[in-house]
Amino acid sequence: MPEKRRRNGDGSIRYRSDRNLWEVQITIGTDPMTGRQIRVSRNAKSEADAVRIKNELIAGRANGTIVVNDKITIGELVEIWFTTFQEPGQYETTRLVSRGLIKNHIQPYIGQTAVQKMTRIRLQQYFNNLQSAGSVKHCNFQGKITDKTRPLSHSVTKKIRALLVAAFDFAIEEKIITTNIVRETKLFKRNKPITAFFKKSEISAFINGTKKRRYHLAYRLLFETGLRRSELLGLAWSAVDFSNHHLEVSNALVTFGKFLELKDTTKTKAGTRLVPIHPETVQLLLLHMEKQQKEALCVANWQNQHNLVFTQSDGSPVKPGEFSRGFKDAISNLNLRPELSVHAARRSFATMLLAAGVSIADVMKIGGWADSATLLECYAKSQEDEQIRAPDI
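**Student:** Give me the nonpolar core: which residues, what numbers.
**Tutor:** Counting 38 residues, the largest nonpolar core has Phe198, Phe206, Leu285, Phe323 and Phe327 as the members making the most contacts within it. Of all elements in the fold, only α6 (200-209), α7 (216-225), α8 (229-233), β7 (246-249), α9 (279-298), α10 (320-333) and α11 (342-355) reach the threshold of two or more residues within this core. Considering every element that reaches this core, the biggest residue donor is α7, with six residues. Discounting residues that sit within four places of it in the chain, Phe327 has contacts with Phe198, Phe206, Tyr219, Leu222, Phe223, Ser341 and Val342.

Structural data, given as structure tokens:
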């Protein structure tokens, strides 16, 4: 009777007369780096021991307790995971941010460490160091070497940790490791500075004091609508509904180093929304449109290909950094508090709506906040005059 054919994955047992041992061999997976099959071999003194060892190996392969590659480094793991599963579906700016984090903050510190030799304690020390000391010398986005070593913010460190969590999850799926020790680490938040916001008197002084500036109407919209800077600079004329007096927020102009990109999505899903505007602002927008059309006729090689509401003098998109610097310059010229910023206008918008009795749900919807905790903790700071009136109320 012919011998029963062995099924794929059952492994093999053979007697090695040259060594007087039984050899067990089983395939446990594929090396994600080379694509080759990984085989594990064990030796036994008897056939019975060999059968037992083979069954243990098969069980270990099934429950993931046998690893495939014990030499792959964290740098290699992150690279193959990112290029295969993340990079193809990311926006250019998002990809560059992730690449920068990997190159400047992961590879120099732990990139050469074998995945299986990394410990939870060392990972925790790594994250603590990022938050307390910062990064090593690295190339900035313009390719110049910088030796900045200031501590990384909590949000940046959180992004680095998220990259490693996903990469280690991938390693578990590929049977490189059995547990994700990155998930067992934690980040420590430093005390946040007091959130700055405009007082009513400061808003009035700022609006009146910037009437002759090119982006005066943009400043006014910041306070009136609570738009993020990226949403304001990515606003197209097609998104302005003059009849119904509202803006459709669905785009965002973002920058990363020297790169500028108009995204067809907002920061969060809640960011895509309709924002009401005052009838007087509608008239100002109409006047601004006429002015822009006249400017386009006078400027050679007008560049407003996205039909944006706010542009530079040649029609090209307004660079977010330059917009913010102009905003801060106006604050300085008007002798307002230096801690005020573009984003402080958004905080002020939320504060005034809540102080006026608008419900949290409506403020979230108009301002594009995804959750009430962010709105209340980060933005809803009481106006000074309301604090003074609190005992009487």
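**Student:** Residue-level account of helix α3 (residues 92-110), with values.
**Tutor:** Counted at 1.5 Å a residue, the expected span for α3 with its 19 residues is 27 Å, and the 26 Å between its end C-alpha atoms agrees. The largest bend in α3 is about 30 degrees, located at Ile102. Inspection of α3 places Thr93, Arg95, Leu96, Ser98, Gly100, Leu101, Ile102, Asn104, His105, Ile106 and Ile110 among the buried residues, and these make up the whole buried set.

**Student:** Please set out empty space enclosed by the protein residue by residue, giving values where relevant.
**Tutor:** Using the criterion set out here, one finds one cavity of 30 Å³ or more in the structure. When its volume is computed, the largest cavity comes out at roughly 40 Å³. Every residue along the wall of the largest cavity is listed here: Glu231, Gly234, Leu235, Ala236, Ala239, Glu248, Val249, Ser250 and Asn251. Considering only residue class, the lining of the largest cavity consists of four nonpolar, three polar and two charged.

**Student:** Describe the pattern of salt bridges, listing the residues and the values that go with them.
**Tutor:** By the definition in use, this model includes 18 salt bridges. The partner of Glu87 in a salt bridge is Arg99, with the nearest N and O atoms 3.3 Å apart. In this pair, Glu87 sits in the loop between α2 (74-86) and α3 while Arg99 sits in helix α3, placing the two residues 12 residues apart along the sequence. On the basis of relative accessible area, Glu87 is assigned to the buried category, the value being 19%. Note that Glu184 is salt-bridged to Arg120, the shortest N-O span being 3.5 Å. Of this pair, Glu184 sits in the loop between α5 (154-173) and α6 while Arg120 sits in helix α4 (residues 120-132); the two residues are 64 residues apart in sequence, bridging distant segments of the chain. For Arg120, a relative accessible area of 44% corresponds to the partly exposed category. When salt bridges with common partners are traced through the structure, they connect Arg14, Arg16, Asp18 and Glu23 into a single cluster.

**Student:** Please provide a residue-by-residue account of the layout of surface pockets, values included.
**Tutor:** The gaps left among the atoms become clear once a water-sized probe is rolled over them. Of the voids in this model, the second largest pocket is the one considered here, and its volume is about 360 Å³. Around the second largest pocket sit 17 residues that line it, and Arg213, Arg214, Leu217, His288 and Lys291 are the ones nearest its centre. Where the lining of the second largest pocket is concerned, the elements lending two or more residues are α7 and α9. The element contributing the most residues to the lining of the second largest pocket is α9, with six residues. The residue inventory of the lining of the second largest pocket, partitioned by class, reads six nonpolar, four polar and seven charged.

**Student:** Quick one: what's the story with the confidence of the model for the protein, residue by residue and with numbers?
**Tutor:** Confidence in the prediction for the protein averages 85 pLDDT; 85% of positions are at 70 or higher. Considering only residues more than four positions removed or in separate chains, one finds that residues 1-5, a stretch of pLDDT under 50, has zero contacts. Between residues 139-143, whose pLDDT stays under 50, and residues either more than four places distant or in other chains, the model counts nine contacts.

**Student:** Could you give an account of the sheet that holds β7, with specific residues and numbers?
**Tutor:** Within the open sheet, the three strands sit side by side as β6-β7-β10. Their pairing is antiparallel. Looking at which strands have only one partner, the edges of the open sheet turn out to be β6 (240-241) and β10 (273-276). Relative to β7, β6 runs antiparallel, the two being bridged by two bridges. Residue pairing for β7: Asp241 is matched across the bridge by His246.

About the cut-offs
- Residues numbered from 1 in each chain as written.
- Predicted model: local features only at pLDDT ≥ 70, side-chain atom pairs only at ≥ 80, totals over all residues.
- Heavy atoms only, no water.
- Core = buried A, V, L, I, M, F, W, Y, C linked by side-chain atoms within 4.5 Å.
- Buried < 20%, exposed > 50% of the residue type's maximum accessible area, 1.4 Å probe, protein only.
- Helix = DSSP H or I, 4+ residues; strand = E, 2+ residues; numbered from the N terminus.
- Contact = heavy atoms within 4.5 Å.
- Expected span 1.5 Å × (residues − 1).
- Bend = angle between axes of the 7 residues up to and from the residue.
- 1 Å grid on protein atoms, 1.4 Å probe; cavity = no way out; pocket = protein on both sides within 12 Å on 5 of 7 lines; lining within 4 Å.
- Points joined across faces, edges and corners; volume = space filled by probe spheres on them.
- Nonpolar A, V, L, I, M, F, W, Y, C, P; charged D, E, K, R; others polar.
- Salt bridge = Lys/Arg side-chain N within 4 Å of Asp/Glu carboxyl O.
- pLDDT = per-residue confidence, 0-100.
- Pairing = 2+ DSSP bridges.

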